[in-house]
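These are the residues of each chain, in order.
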Amino acid sequence: MTSASAPPTTMLVPDFPFSYDDWLRHPAGLGTLPAHRAGTPVAVVGGGMAGMTAAYELMRLGLRPVVYEAEQVGGRMRSLPFPEAPGCVAEMGAMRFPLSARALFHYVDLLGLSTRPFPNPLAPTTPSTLIDLGGERHSARMVEQLPDVFQEVAVAWEKALQERAELATMRDAVQRRDVDILKQIWNRLVREFDDQSFYGFLATSSTFQSFRHREIFGQVGFGSGGWDTDFPNSLLEILRVVYTEADDNQVSIDGGSQRVPLGLWEHSPDALAHWPTGTSLASLHGGRTRPAAAAVARDGDRFVVTDADGDREGFAAVVYTPHVWTLLNRVACDPALLTAPLWTAVERTHYMGASKLFVLTDRPFWHDLDPLTGRPAMSMTLTDRMPRGVYLFDDGPDRPGVMCLSYTWNDDSAKISTLSTARRLEVLLERLAEIYPDVDIRSHIVGDPITITWENEPHFMGAFKSNLPGHYRYQRRLFTQFVQRDLAAHQRGFFLCGDDVSWTAGFAEGAVTTALNAVWAVLDHLGGATHPDNPGPGDLFDALAPVELPYDG
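**A look at the overall build of the protein chain**
Along its length, the protein chain carries 18 helices and 22 strands. Taken over the C-alpha trace, the protein chain has a radius of gyration of 23 Å; the compact-globule value for 553 residues is 24 Å, and the two agree within 12%. In terms of its C-alpha atoms, the protein chain occupies a principal-axis envelope of roughly 75 × 55 × 45 Å. Taken over 553 residues, the protein chain has a buried fraction of 59%. The long-range fraction of contacts in the protein chain, counting pairs at least 24 apart against all pairs at least 6 apart in sequence, stands at 73%. Just so you have it, the protein chain exposes about 21,800 Å², and 50% of that area is on carbon and sulfur atoms. Each charge sign in the protein chain was given a centre, from 47 positive and 68 negative side chains, and these centres are 2 Å apart.

Take a look at the structure:
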């Protein structure tokens, strides 16, 4: 059991266990640049969480970040207000954040944003959870209230992780930031499990020999819900999430997650090199980002970015934050900017599809009690029917409510991706009527639904990366690209970052930490340095570098 005085768990990813939160909060700052570099323009392509993090910190170092954005600041941290109740938002992308995401929460705290527990299934603050599987329904507040088979599944999962993946030791090492133990165990597990799918791990574990148990685990899972859409993916993707408690203790951001990147856009730092007090990213840009980047090329010792309006500007370095697939079809990228192995890694990147549909309701009617059972009219719902996950949000009985009527992944997302918004709503209401036959959801809906399918979004083409078995080598190439000392001069200065470059795609923490890698890289590229008492990720790269698996043999 963790003691009350133990340090909080962080998303200290074992592939590269650098303490980004410590680097951020150190009084020495992230580094300094030569005086002649003050005000040097650096292009930041993409205005999502990675782009805003990189731009904000580059500005603090005294550089002039120039942000190119195709749509709106926020990226997949996209919070859309309902026209009928602008104070209520639909979280189209990121909506729940683990408290272990300490680098992200550095900025959440900096901006003074408040949070609240996210209503995940069976979470302590979730009023009730209903599990609908195979036409049978079970309502509970905690897993112990479910039928024995669900508890058997929970125990089987815990035992499989303990017996085959050293869960207790790894979680303890993450909490204590014991880099030696993390690297020793993780490097062995990478070699053992790189070729293993998540489902393969379950099917070959002695605790999961029953197909029924594997099926229930896939549908229900634990933490944030079912895992079956991850079954084809690399087991390593799952272990990183489990070790760092990224799937537990999650919160939402009051007013919407987009407030974080928008806040960094508007925020004026207390300590700035070169720029006058009161400077913000917004003020440096005259209140508007540049249009989408259409092309990136090298011109001698500088880079030239061409935007969607045809305007060209030169830069000393480029930080590229969108999904790497956009380099294949959305942005004309000079092929020489990446090595051939890196282009292969870009091509092999695998993205998860995802769809959501939100509606506004006149009030949080789901709290109404059934006079016969005494249970709430509706609960947070996990189901094997098309909605898959139903989430309920409210600010009290006298305010409108928000329902995420469906949150689906991969094949489940594909089932509705070709449907119109109106037809999606009809199908989902039909399926939910089978689960809640006595609840008239439609009568409470106000206005039109808000929906998204991320694989259909042209500038994203997916919700987030999730590696398939055997993809570790590709991910290593993408993640380590920020360390460029061994590259030819003409391949230096163009830096990839974003959550798909990170080891924890789908989490805003990965966007933040890889953006910080890029900040260090720009600092190094332009002749700057970190303080000796606060080395950055590139300074410690040799000691922390991800294990390199053999390519031949």
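**Points about the packing of helix α4 (residues 148-165) against helix α5 (residues 167-176)**
It is the contact of α4 with α5, at a shortest axis distance of 7 Å, that shows an interaxial angle of 80°. Our classification of the angle between α4 and α5 gives roughly perpendicular. For the pair α4 and α5, contact is made by Glu158, Leu161, Gln162 and Ala165 and by Leu167, Ala168 and Met170, respectively.

**Side note on helix α9 (residues 235-243)**
Taking burial as the measure, the nine residues of α9 include nine buried ones, the bulk of the element. Of all the residues in α9, the buried ones are Leu235, Leu236, Glu237, Ile238, Leu239, Arg240, Val241, Val242 and Tyr243. For α9, the elements touching its buried residues are α4, α5, α6 (179-193), α7 (198-203), β21 (464-465) and α16 (472-479). Where α9 starts, the residue carrying a side-chain oxygen 3.1 Å from the main-chain nitrogen of Leu236 turns out to be Ser234.

**Some points on the packing of aromatic side chains**
Throughout the structure, instances matching the rule amount to 32 aromatic pairs. Both rings, one in Trp325 and one in Tyr351, keep their centres 4.6 Å apart while their planes meet at 75°; by these two values the pair is edge-to-face. With Trp325 in the loop between β13 (318-320) and α12 (326-329) and Tyr351 in strand β15 (residues 351-352), this residue pair connects regions lying 26 residues apart in the sequence. Between Phe482 and Phe541 the ring centres are 6.2 Å apart and the planes differ by 90°, which places this aromatic pair in the edge-to-face class.

**Comments concerning the side chain of Ser417**
For Ser417, the location among the structural elements is in helix α14 (residues 410-417). Reaching out from Ser417, the side chain makes a polar contact with the backbone oxygen of Ala414 at a distance of 3.3 Å. Ignoring any residue separated from it by four or fewer positions in sequence, one finds Ser417 in contact with Arg424, Thr453 and Asn456.

**A look at the sheet that holds strand β1 (residues 41-45)**
One open sheet holds the four strands; their spatial order is β2-β1-β13-β22, and the pairing between them is parallel. Of all the strands in the sheet, the pair left with one neighbour each is β2 (64-68) and β22 (494-496). Between one strand axis and the next, the sheet turns through 20° on average, direction left out of account. Taken together, the five bridges between β1 and β2 define a ladder with parallel strand orientation. Across the sheet, residue Pro41 finds its bridge partner in β2, namely Arg64. Along the sheet, helix α2 (residues 49-60) makes contact with β1, β2 and β13, crossing β2 at roughly 160°.

**Description of the environment of Ala54**
Among the secondary structure elements, Ala54 is positioned in helix α2. Residue Ala54 is classed as buried on the basis of its relative accessible area, which comes to 0%. Each C-alpha atom, one on Ala54 and one on Arg78, is 18 Å from the other, the two residues being 24 residues apart in sequence. Sequence-distant contacts of Ala54, defined by excluding residues within four places in its chain, comprise Val319, Ala515 and Val519.

**Quick look at the nonpolar core**
In terms of nonpolar packing, the biggest core is built from 136 residues, with Trp157 and Val260 touching the most fellow members. Ranked by the residues each element gives to this core, the list is headed by helix α17 (residues 508-525), at 11 residues. Not counting residues within four places of it along the chain, the set of residues in contact with Val260 comprises Met49, Met77, Leu104, Tyr107, Val108, Leu111, Leu113 and Ile253. Val45, Val324, Leu337 and Tyr351 belong to the second largest nonpolar core, which has 26 residues in total.

**Digging into the sheet that holds strand β11 (residues 302-307)**
Adjacent strands of a sheet pair through backbone hydrogen bonds, lying either parallel or antiparallel. Spatially, four strands are ordered β12-β11-β10-β14 in an open sheet, and the strand pairing comes out mixed. Among the strands making up the open sheet, the edge pair consists of β12 (312-315) and β14 (332-333). Two elements, β11 and β12, share four bridges in a ladder whose sense is antiparallel. From the neighbouring strand, Phe303 faces β12, where its bridge partner is Phe315.

**Re unusual backbone geometry**
Even without a glycine there, the phi angle at Arg177 is positive, about 55°. Here Arg177 shows up in the loop between α5 and α6. Among the residues examined, Arg177 registers a relative accessible area of 23% and is labelled partly exposed. With a phi angle near 55°, Glu245 is a residue other than glycine that sits in the positive phi range. Counting through the fold element by element, Glu245 comes out in the loop between α9 and β9 (250-253). Residue Glu245 is classed as partly exposed on the basis of its relative accessible area, which comes to 22%.

**Points about the side chain of Asn120**
The topology assignment puts Asn120 in the loop between β6 (115-117) and β7 (129-133). Setting aside residues no more than four positions away along its own chain, Asn120 makes contact with Arg96, Thr126, Gly223, Ser224, Gln250, Met380 and Tyr391.

**Examining the pattern of salt bridges**
When the charged atoms of two side chains lie near each other, side chains of opposite charge can form a pair. Applying the stated criterion across every chain, the model contains 34 salt bridges. When the shortest N-O distance is used, the salt bridge between Asp248 and Arg171 registers 3.9 Å. On the criterion of sequence distance, the pair formed by Asp248 in the loop between α9 and β9 and Arg171 in helix α5 is long-range, its members being 77 residues apart. By relative accessible area, Asp248 is classed as partly exposed at 28%. Salt bridges sharing partners connect three or more residues here, namely Asp132, Arg385, Arg423, Glu430, Arg431 and Glu434.

**So, helix α3 (residues 102-110)**
Along α3, the positions that sit buried rather than exposed are Ala103, Leu104, Phe105, Tyr107 and Val108. Downstream of α3 by one or two residues, Gly112 has phi in the positive range, about 70°.

**Concerning the packing of α4 against α9**
α9 packs onto α4 with a crossing angle of 105° between their chain directions and a minimal axis gap of 13 Å. Comparing the axis directions of α4 and α9 gives the class roughly perpendicular. Residues Trp157, Leu161 and Ala165 of α4 pack against Ile238, Leu239, Val242 and Tyr243 of α9. When the residues that make up the contact of α4 with α9 are grouped by side-chain class, the tally is seven nonpolar, no polar and no charged.

The rules behind these values
Residues numbered from 1 in each chain as written. Predicted model: local features only at pLDDT ≥ 70, side-chain atom pairs only at ≥ 80, totals over all residues. Heavy atoms only, no water. Helix = DSSP H or I, 4+ residues; strand = E, 2+ residues; numbered from the N terminus. Rg over C-alpha atoms; globule rule 2.2 N^0.38 Å. Buried < 20%, exposed > 50% of the residue type's maximum accessible area, 1.4 Å probe, protein only. Contact = heavy atoms within 4.5 Å. Areas by Shrake-Rupley, 256 points an atom, 1.4 Å probe, with all protein chains shown as cover. Lys, Arg positive; Asp, Glu negative; His and termini not counted. Charge placed at Lys NZ, Arg CZ, Asp CG, Glu CD. Axes fitted to C-alpha atoms, helices over the stretch in contact; angles between N-to-C directions. Parallel < 35°, antiparallel > 145°, perpendicular 65-115°, else oblique. Polar contact = N/O pair within 3.5 Å; in protein donor to acceptor, adjacent residues only side chain to side chain. Phe/Tyr/Trp six-rings, centres within 6.5 Å; stacked < 30°, edge-to-face > 60°. Pairing = 2+ DSSP bridges. Core = buried A, V, L, I, M, F, W, Y, C linked by side-chain atoms within 4.5 Å. Salt bridge = Lys/Arg side-chain N within 4 Å of Asp/Glu carboxyl O. Nonpolar A, V, L, I, M, F, W, Y, C, P; charged D, E, K, R; others polar.

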